[in-house]
Amino acid sequence: MLELFRSRRRAIVWFVEAGLLVSLVCAGAAAIEGHRGVVTLARVLDAAAITLVAQASLYYHGLYGPSPIRDLRTLAWKVARALAVSALLLWALFQGFSVDAEERFAAVALGLMAGALVLPLFRTGLARAAASDRLCKRTLVLGSGPLADAVITGARTHDTGGMRFVGRLVQEGDPGRAAPDVLGSYDELPHIASAHGIRHIIVCAADRRGKLPINVLLELKFRGVEVEEGVEFYERITGKIFVRELRPSQLVFAHGFHVAKRTLLGKRLLDVVCASIGLVLSAPLMLLTALAIRLDSAGPILYSQVRSGVFGQPFTIYKFRSMRTDAEADGKARWASEDDPRVTRVGRVIRKTRLDELPQLWNVLAGDMSLVGPRPERPSFTEELEKAIPFFRQRLFVKPGLTGYAQVRYHYGATTEDQLEKLQHDLFYIKTLSVWFDLSILLDTIKVVLLRIGSR
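Not measured: the values here are computed from a predicted model.

What to know about the sheet that holds strand E1 (residues 137–142)
- With parallel pairing, five strands are arranged side by side in an open sheet as E3-E2-E1-E4-E5. Either end of the sheet is taken by a strand with one partner, and the two such strands are strand E3 (182–185) and strand E5 (226–229). Strand-to-strand twist across the sheet, computed as the mean angle between neighbouring axes with direction ignored, equals 30°.
- Summarising the sheet, strand E4 (residues 200–203) and E5 pair through four bridges and their orientation is parallel. In the sheet register, His200 faces E5, and the bridge partner there is Glu226.
- Here helix H5 (residues 146–157) sits on the sheet and contacts E1, strand E2 (163–170) and E4; the angle it forms with E2, its principal contact strand, is near 165°.
- Helix H8 (residues 230–238) contacts E2, E4 and E5 of the sheet and is inclined by roughly 85° relative to E5.

In structure tokens, the structure reads:
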């Protein structure tokens, strides 16, 4: 959840909507209570607490994510559903802890109903204002190839704060010159930048030495045009590192990819505390899961498997058995597939709800794993993927995790292309590793488990 504050625009939207909801809840209370509805500091604080519940529901319904909802009908439905869920939760809380539950809930319900009307209109108005000719940031891409394509796709599907993609320039003689979004060659940059009112240039050229119009770019930069590196832009809007054109020197000299000892200490403290509490609280659930596995199919309740740990050190992972005992009778390791026939009836349930992962809390407590980190892979998969995907081994520079940034942002990876996509998330996590980032991922994990996203 803390991830939304990585975007200035999303953070501003969050704070403005918090102010709107607090105002609407206070107004609802005033309307219900009549002359008694005086706005006091205590009432504002009460409205702020209610607003936090409502905004948590909005977040878990995907309304503060990196990909904006542009369709008004979809937006209105999601906002209404999220606020309805928060209203039901607040009603249950009021029934248990408030002496004037009915009157208080009526005020909250009135405020949230108004919010269901106001928030979609606010977001639609904000989107239209950001896309207007006066406020939009007209953007030009320099270059062609995978990075340019990824940047353009990312700009169209992610929150870019009112950026409008105008087109791109390529080298003279580039085979992609005939593409409909190509406006010309590098030599035409001054003319095209002036004619289209360009305020933002993203440099995505793979071959730059002696070919980029450096002097023109410098002049435009001094005239107020923002010039940005394509890899950095892609990372900023998607929360991923573009691996396909990544060079080792970028990992060595880039900001990040360095973990302070205090961060490792804080991360380990979080692991020990949360794993200890988790083992105690989940003990009854693990007992019921073990019983269900025993009654459902023959074989051990737990199964162990060797996985690659930090810096490639092997360790033994423990999970509740969710597959038949002959799942790999031929001795060949394979990823789980959609509707995998090897999965048992109970296994299907515990994999969907992630209950099969609970014994890994012991791995976290023992120090083999962390609560948050890249997914621990089997050594055979790791060796295979290192050959196919550049920089795959670098994900082993931190402890593997029970959950992770790639797990909450991408579905289960069962192909090399999936693993490449997850690696881009893992490298971003390693680059920006912090305890706060871990807390954000743990909050997102709750959403993934509740909505059963990416399980197989």
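Next, the rest of the story.
Things to note about the packing of helix H2 (residues 41–60) against helix H3 (residues 72–97)
- Contact geometry for H2 and H3: axes closest at 8 Å, N-to-C directions at 135°. Classified by the angle between their axes, H2 and H3 sit oblique to one another. Of the two possible hands of crossing, H2 and H3 adopt the one that is right-handed. Between H2 and H3, the contacting residues are Ile50, Val53, Ala54, Ser57 and Leu58 on the first element and Val79, Ala82, Leu83, Val85, Ser86, Leu89, Leu90 and Phe94 on the second.
- Across the contact of H2 with H3, the residue classes break down as eleven nonpolar, two polar and no charged.

About the criteria used
- Residues numbered from 1 in each chain as written.
- Predicted model: local features only at pLDDT ≥ 70, side-chain atom pairs only at ≥ 80, totals over all residues.
- Heavy atoms only, no water.
- Pairing = 2+ DSSP bridges.
- Helix = DSSP H or I, 4+ residues; strand = E, 2+ residues; numbered from the N terminus.
- Axes fitted to C-alpha atoms, helices over the stretch in contact; angles between N-to-C directions.
- Contact = heavy atoms within 4.5 Å.
- Parallel < 35°, antiparallel > 145°, perpendicular 65-115°, else oblique.
- Left-handed = near helix turned anticlockwise from the far one by under 90°.
- Nonpolar A, V, L, I, M, F, W, Y, C, P; charged D, E, K, R; others polar.

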